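Fold and contact review
One-letter residues, chain by chain:
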Amino acid sequence: MNRNLGLIGRKIGCTQLFSEQGDAVQVTVVEAGPCTVIGKRTMAKDGYSALRLAFGEKPERLVKRPERGQYKASGAKPARVLREIRVPEDVTAKFEVGQKIGVGDVFKKGELVDVTGTSKGRGMAGVIKRHKFNSFVAGHGTHEYFRHSGSIGQNMTPGRTYPGLRMPGHMGACRVTTVGMRVAGVDPEQDVILIRGSVPGHRNAVVVVRQSHRLAEARAQLLTAKAAKKK
C-alpha cells in the first residue's frame, strides 16, 4: 500500500510542453489542492493513521448535519470531495486540523507520482476492444465470426466455462491507479501540477495524486543526472 502523502485534485485536461532539447512532451494538467485537513486518524484511537482531506466547495444548504459539525470543528468551508490519505504517524503529526496543504508543499518537478481515479466508462465492449484480442482472418472461409472470441471451454471435461475467462462485458468506469508518472512541472501559485502521460478519468474528474513508492529511485536518478552535468 502506498502510504506517501498526497492531495485530492481535478483533472483539467491535456496539453504539451517543449523540453530544453526541443522535444514535445505530452502532459496532463491537474488542479491538485489546496486541500484542507478536517480531521486525523491515530493509531491509539482508530487503529491506523491518516489525514482527512477536503477539496473544492459546495453550498452549505447541501451539507448534512453530521458533516456540518466536522467542518465547524476544523473551521473549514463545506467541501465537494472528502478523502482519507493513509500516512505514517510522523507525517500526521506535522499537520494540524484546519491547515491547508498546497501543491508546493508536497510535489517537486522531476519526482514520480501515483495517480488514482475512475477510468472512462466504455459501456458494453467486445473482446477485441476490451482484452485486445486479434480478429479472425477475413477470408472466404470465415463466416460471421470476424470479431468473436472463439472457444471458451471444453465439451465433456469439465463441461463448463472456467471463472475469470476473458469475455465481452462492461468496460471501464472502475478504480485505476497509474504508477510511476513523472512530474513535468509544478505551479504553486495556481495549485497546478503537470504530469507526463495520461491520467485516468474524464475531464473534470476527481483524482488523488500521491508521492510514488518509487520516489527514492527517482531521486537517485536526479542526483546521478546532476552529477553527470557538473562533470
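See the structure above.
Criteria and thresholds
Position numbers for residues start from 1 in each chain and track the written sequence from start to end. Restriction of local features to residues with pLDDT of at least 70 applies here, the model being predicted, together with a cutoff of 80 or more for giving and counting side-chain atom pairs; totals for whole chains, interfaces and linings are based on all residues. Neither water nor hydrogens contribute to the side-chain values; these are computed over all heavy atoms in the structure. Under the scheme used here, helices are H or I runs from DSSP no shorter than 4 residues and strands are E runs no shorter than 2 residues, and both carry numbers assigned from the N terminus. What the globule rule says is 2.2 Å times the number of residues to the power 0.38, and the radius of gyration is computed from C-alpha atoms. Working definition: with a 1.4 Å probe on protein chains only, accessible area under 20% of the residue-type maximum means buried, over 50% means exposed, and in between means partly exposed. Residues count as neighbours in contact if any of their non-hydrogen atoms are within 4.5 Å of one another. We treat Lys and Arg as the positive residues and Asp and Glu as the negative residues; His and chain ends play no part in the count. Charge placement uses NZ in Lys and CZ in Arg. For Asp and Glu, CG and CD serve respectively. Strands are labelled as partners when DSSP assigns at least two bridges between them. Angles shown run from 0 to 180 degrees and are taken between the N-to-C directions of axes, each axis being a line fitted to C-alpha atoms and, for helices, limited to the stretch in contact. For Phe, Tyr and Trp, where Trp contributes only its six-membered ring, two rings pair if their centres lie within 6.5 Å, and the inter-plane angle classes them as stacked under 30 degrees, edge-to-face over 60, or tilted in between. Put simply, a charge is over a ring when the Lys NZ or the Arg CZ is close to the ring centre, within 6 Å, and near the line of the ring normal, within 35 degrees. For salt bridges, the criterion is a side-chain nitrogen of Lys or Arg within 4 Å of an Asp or Glu carboxyl oxygen.

Remarks on the overall build of the protein chain
The secondary structure content of the protein chain amounts to 5 helices and 12 strands. Its C-alpha atoms give the protein chain a radius of gyration of 23 Å, more than 25% over the compact-globule value 17 Å for 231 residues. Expressed along its principal axes, the backbone C-alpha trace of the protein chain runs to roughly 70 × 60 × 35 Å. By the burial criterion, 35% of the 231 residues in the protein chain qualify as buried. In the protein chain, 71% of the contacts between residues at least 6 apart in sequence involve partners at least 24 apart. One finds the centroid of the 40 positive side-chain charges in the protein chain at a distance of 6 Å from the centroid of its 19 negative side-chain charges.

Focus on the sheet that holds strand 6 (residues 100–101)
Ordered in space as 5-4-3-6, the 4 strands form an open sheet in which the pairing is antiparallel. Across the chains shown, the open sheet's two edge strands, defined by having one partner strand only, are strand 5 (81–86) and strand 6. Direction of pairing for strand 3 (residues 35–41) relative to strand 4 (residues 50–55): antiparallel, over a ladder of 5 bridges. Counted as the bridge partner of R41 is A50 from strand 4. The sheet contacts of helix 2 (residues 65–74) involve strand 3, strand 4 and strand 5, and relative to strand 3 the element is tilted by about 105°.

Focus on the environment of D191
Relative to the helices and strands, D191 is located in the loop between strand 10 (175–187) and strand 11 (192–196). For D191, a relative accessible area of 14% translates into the label buried.

Things to note about the packing of aromatic side chains
Overall, the coordinates contain 0 aromatic pairs when judged by the stated rule. One Lys or Arg, R86, reaches over the ring of Y48 and ends 4.1 Å from the middle of that ring.

A word on the pattern of salt bridges
Taken as a whole, this structure holds 5 salt bridges when the rule is applied. A salt bridge links D46 to R41, with the nearest nitrogen and oxygen atoms 4.0 Å apart. By relative accessible area, which is 29% here, D46 ends up partly exposed. Under the relative-accessibility criterion, R41 is labelled partly exposed at 24%. Counted as one network, the salt bridges with shared partners bring together R41, D46, R52 and E84.

What to know about the sheet that holds strand 10
If you trace the 6 strands once around the closed barrel, you get 1-2-11-10-7-12, paired in antiparallel fashion. Each neighbouring strand pair of the sheet contributes to a mean axis angle of 50°, computed without reference to strand direction. Here 5 bridges tie strand 1 (residues 6–18) to strand 12 (residues 206–211), and the two strands are oriented antiparallel to one another. When the sheet's bridge partners are listed, I8 is paired in strand 12 with V208.

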